[in-house]
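Take a look at the letters that make up each chain.
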Amino acid sequence: MKLLQELAFVLNRYCVKNINVITPNQSGEGDLVNAFYNILQDEPDLDHELIAQRLYGSESTDKDNRFRKLKQRLTRRMANTLFFIDPKDNQFNEFQRAYYQTNRDYALSRILVGRDASTAGNHFMRKVYKRSSTYDFTELLMLSTDSLRSYYAYRSAEQEKYKFYREEYLRARKLYDMENDVRMAYEEVVINYGVSPKARKLSIELIDKRLEEIHEAYPVIEHTYRSIINYFALSILGHQLKGDAKGLLAIIDNGLEAVQQKPYPADIPKSFFYVNKVVVHIIEKDYPAGSETLAAAAPLLVPGFANWFKFKEMEFLLAMHTGHYTEALATYQSVANYKSVGSIPKRYQDRWLLNRAYLYYLASINRVEIPEGEDPWGKFRLGKFLNNVPAFSRDKKGMNIPILILQIAYSIVLKRYALTVDRIEAIEKYRSRHVRRDESFRSNLFIKILLQFPVVAFHRNGVRRKTERYAKQLKDNPIDLANQSFEVEVLPYETLFELALESLEVKFQRRAMAKKTDKRSASR
């Protein structure tokens, strides 16, 4: 079903409603194929067994032979339709149009040559060569020059063209080898990547070794589109692991300069460089520089696409980590105004619901004002948020910690200390099972701080004294470039700690603690 969902997603993105392009309907199948396609477009996450039941009745299952054959027919129909998406559509930028048109022309040329139409095939292959040269499609450049060289080799009157394409082929082959050596170096590092001190040291050594090998093999690197992405990603990762912000910003600027020299818009590499630049600004809490970088990236972003959500998240975190809470609210509202919460893809929805909850926490302690009735996603239901215990699955470990921490902070504001203790116990249990000390040092420290709150019965001065050692360790170990824990720390832990202290009173909450003890005794 993943294959069908992805095909439907691409076609849906380009507003393709009719998939009866060239594949003829088999007897009586047209309505079912179209119905199946419409379901995938309207409800992409619907379970395939439910789809089978909608199409063939409640007794059907996803193993139904009719459903299996229908999936095959729909796959073929959608695959054929993809070739008819117009690359000149306004949704494509110049580079994307060239990419799709060049690949389509290459496939067309090979089909024509296979049908003994070599002159026509050669015509389209020359188009492939021209675009590949302009837009750095190195693999297609190598394949097209290989084909054109062979075509002219046996035509005595065309020997100059043979020599030309032979030289172009040899140049393309070297570029192709360079691209792949750089890409494999990056892949090897990513496969063995880790952020524990030991893994970090090994990753740094491997990056330095691979970069040295690349420079030795290619003293002068002729940067192509793909080599820019992989070479600079490798260098950026090395500086991140070393915690070298100055060197990181320098290598990012070098990458942006290499991109600017290209005769085509290279939006993806530019976005990659800008997002890594914003990361540095978040960690350094440099709001003006971060805002400037975000403004430079803005023309590259299309609302609703993955990069747009990523940069919106970076914009939100930059504001939260620098105390610009009104600006963080404005960023949230720009996302919420774009689409209703149910219309946002699930992979972004959870994150923005969490961001929203942090804003309402700030509103509850008068750090930001959210006017009544002006939240595009409706009323925030605090009770539901506080009583919801997240599922402790490893794949969601990055989300569970900030949810539990925020529930604790909220319950302190509301002076619901019994609930606070429940959530502190929950986060301690979660920490012991899922949070590795060497990979989540700051989270471990902050959880240790939270564990001290009930020990001194939530007395503000008592908590401050009891947590002094851990608070100093937290200050001495700020968010770094390697761990980039700012994605877990929606608000920096230092800020959350101070806000939680402000919400405490200068008195012991023994009555609340006694009630908690009584409840425990009664449940035994």
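Look above for the structure.
Residues numbered from 1 in each chain as written. Predicted model: local features only at pLDDT ≥ 70, side-chain atom pairs only at ≥ 80, totals over all residues. Heavy atoms only, no water.

Colleague: Give me the overall build of the protein chain: which residues, what numbers.
Modeller: Along the backbone of the protein chain there are 24 helices and 0 strands. Principal-axis analysis of the C-alpha atoms gives the protein chain an extent of 100 × 65 × 40 Å. Burial status across the protein chain gives 48% buried among its 524 residues. Expressed as a percentage of contacts within the protein chain between residues at least 6 apart in sequence, the contacts between residues at least 24 apart total 68%. Carbon and sulfur atoms make up 51% of the accessible area of the protein chain, which totals about 27,100 Å². (Helix = DSSP H or I, 4+ residues; strand = E, 2+ residues; numbered from the N terminus. Buried < 20%, exposed > 50% of the residue type's maximum accessible area, 1.4 Å probe, protein only. Contact = heavy atoms within 4.5 Å. Areas by Shrake-Rupley, 256 points an atom, 1.4 Å probe, with all protein chains shown as cover.)

Colleague: How would you summarise the environment of Leu234 if you had to cite specific residues and measurements?
Modeller: Following the sequence through the fold, Leu234 ends up in helix H10 (residues 225-242). According to the relative accessible area criterion, Leu234 is buried, its value standing at 0%. Separated by 27 residues in sequence, Leu234 and Ile207 have C-alpha atoms that sit 6.9 Å apart. If we skip the residues at most four places from it in the chain, Leu234 touches Ala185, Tyr186, Val189, Ile207, Arg210, Leu211 and Ile214.

Colleague: Describe the packing of aromatic side chains, with residues and values.
Modeller: What the rule picks out here adds up to 33 aromatic pairs. Between Tyr332 and Trp377 the ring centres are 5.5 Å apart and the planes differ by 85°, which places this aromatic pair in the edge-to-face class. Of this pair, Tyr332 sits in helix H15 (residues 325-338) while Trp377 sits in the loop between helix H16 (346-364) and helix H17 (382-387), placing them 45 residues apart in sequence. The exposure class assigned to Trp377 is buried, which follows from its relative accessible area of 11%. What links up through ring pairs into an aromatic cluster is the set Phe92, Phe95, Tyr99, Tyr100, Tyr135, Phe137, Tyr225 and Tyr264. When the ring centre of Tyr169 is taken as reference, the NZ or CZ atom of Arg149 above it lies at 4.7 Å. (Phe/Tyr/Trp six-rings, centres within 6.5 Å; stacked < 30°, edge-to-face > 60°. Lys NZ or Arg CZ within 6 Å of the ring centre and 35° of its normal.)

Colleague: Please provide a residue-by-residue account of the nonpolar core, values included.
Modeller: Membership of the largest hydrophobic core comes to 134 residues, with the highest contact counts inside it found for Met320, Tyr361 and Phe453. Examining the composition of this core, we find that 10 residues originate from one element, helix H18 (residues 397-413), more than from any other. In this structure, Leu7, Leu11, Ile39 and Met78 belong to the second largest nonpolar core, which totals 20 residues. (Core = buried A, V, L, I, M, F, W, Y, C linked by side-chain atoms within 4.5 Å.)

Colleague: An account of the environment of Thr75 is needed here, citing residue identities and associated values.
Modeller: Counting through the fold element by element, Thr75 comes out in helix H4 (residues 65-82). Spatially, the C-alpha atoms of Thr75 and Glu213 are 44 Å apart, while their sequence positions differ by 138 residues. Dropping the residues within four chain positions of it, Thr75 is found in contact with Leu3, Leu4 and Leu7. Of note is the side chain of Thr75, whose polar atom sits 2.7 Å from the backbone oxygen of Lys71. (Polar contact = N/O pair within 3.5 Å; in protein donor to acceptor, adjacent residues only side chain to side chain.)

Colleague: Hey, could you go over the environment of Val456 for me, with residue numbers and the actual values?
Modeller: By the secondary structure assignment, Val456 is in the loop between helix H20 (441-455) and helix H21 (460-466). Under the relative-accessibility criterion, Val456 is labelled buried at 15%. Sequence spacing of Val456 and Phe137 is 319 residues, and the spatial spacing of their C-alpha atoms is 65 Å. Sequence-distant contacts of Val456, that is, excluding residues within four places in its chain, are made with Gly462, Val463, Lys466 and Phe508.

Colleague: Give a description of unusual backbone geometry that names residues and reports values.
Modeller: Despite not being glycine, Lys415 has its phi angle at roughly 60°, a positive value. Note on placement: Lys415 falls in the loop between H18 and helix H19 (417-434). Judged by relative accessible area, which is 39%, Lys415 ranks as partly exposed. With phi around 55°, Ala457 is a residue other than glycine that occupies positive phi space. Looking at the secondary structure, you find Ala457 in the loop between H20 and H21.

Colleague: Account for the packing of helix H6 (residues 118-135) against helix H7 (residues 138-153), naming residues and giving values.
Modeller: The contact between H6 and H7 brings their axes to 9 Å, and the two run at 140°. Our classification of the angle between H6 and H7 gives oblique. Here H6 and H7 pass one another in a crossing that is left-handed. Across the interface between the two elements, Ser118, Thr119, Asn122, Met125, Arg126, Val128, Tyr129, Ser132 and Ser133 from H6 touch Leu140, Leu141, Ser144, Thr145, Ser147, Leu148, Tyr151 and Tyr152 from H7. The residue makeup of the contact of H6 with H7, split by class, is 8 nonpolar, 8 polar and 1 charged. (Axes fitted to C-alpha atoms, helices over the stretch in contact; angles between N-to-C directions. Parallel < 35°, antiparallel > 145°, perpendicular 65-115°, else oblique. Left-handed = near helix turned anticlockwise from the far one by under 90°. Nonpolar A, V, L, I, M, F, W, Y, C, P; charged D, E, K, R; others polar.)

Colleague: Which residues make up the side chain of Asn355, and what values go with them?
Modeller: Residue placement: Asn355 occurs in helix H16. The class of Asn355 is buried, set by a relative accessible area of 0%. Ignoring any residue separated from it by four or fewer positions in sequence, one finds Asn355 in contact with Phe316 and Val490.

Colleague: Would you mind going over the side chain of Arg149 in detail, with residue names and values included?
Modeller: Along the chain, the position of Arg149 falls in helix H7. We classify Arg149 as buried; its relative accessible area is 18%. For Arg149, the side chain forms a polar contact with the side chain of Asp146, separated by 3.0 Å. Those residues in contact with Arg149 that lie beyond four places of it in its chain are Tyr162, Tyr165, Arg166 and Tyr169.

Colleague: So, helix H13 (residues 287-297): which residues are in play, and what are the values?
Modeller: An α-helical turn contains 3.6 residues, so a residue and the one three or four places further along point in the same direction. Within H13 the residues assigned to the buried category are Tyr287, Ala289, Gly290, Thr293, Leu294 and Ala297. Relative to the axis of H13, the buried residues are bounded by an arc of 165° and lie together on one face. In H13, the exposed residues that point more than 90 degrees away from the buried face are Pro288, Glu292 and Ala295. Buried positions along H13 lie against helix H12 (267-283), helix H14 (306-321) and H15. Near the N-terminus of H13, the side chain that reaches the backbone nitrogen of Ala289, with its oxygen 3.2 Å away, is that of Asp286. (Arc of directions from axis to C-beta.)

Colleague: Go over the pattern of salt bridges with me, naming the residues and quoting the values.
Modeller: This model, assessed by the stated rule, comprises 28 salt bridges. Between Glu494 and Arg442 there is a salt bridge, and its shortest N-O distance comes to 2.8 Å. Taken together, the residues Glu494 in helix H23 (residues 493-503) and Arg442 in helix H20 connect sequence positions 52 residues apart. Among the charged side chains, a salt-bridge network with shared partners connects Glu168, Arg171 and Glu222. (Salt bridge = Lys/Arg side-chain N within 4 Å of Asp/Glu carboxyl O.)

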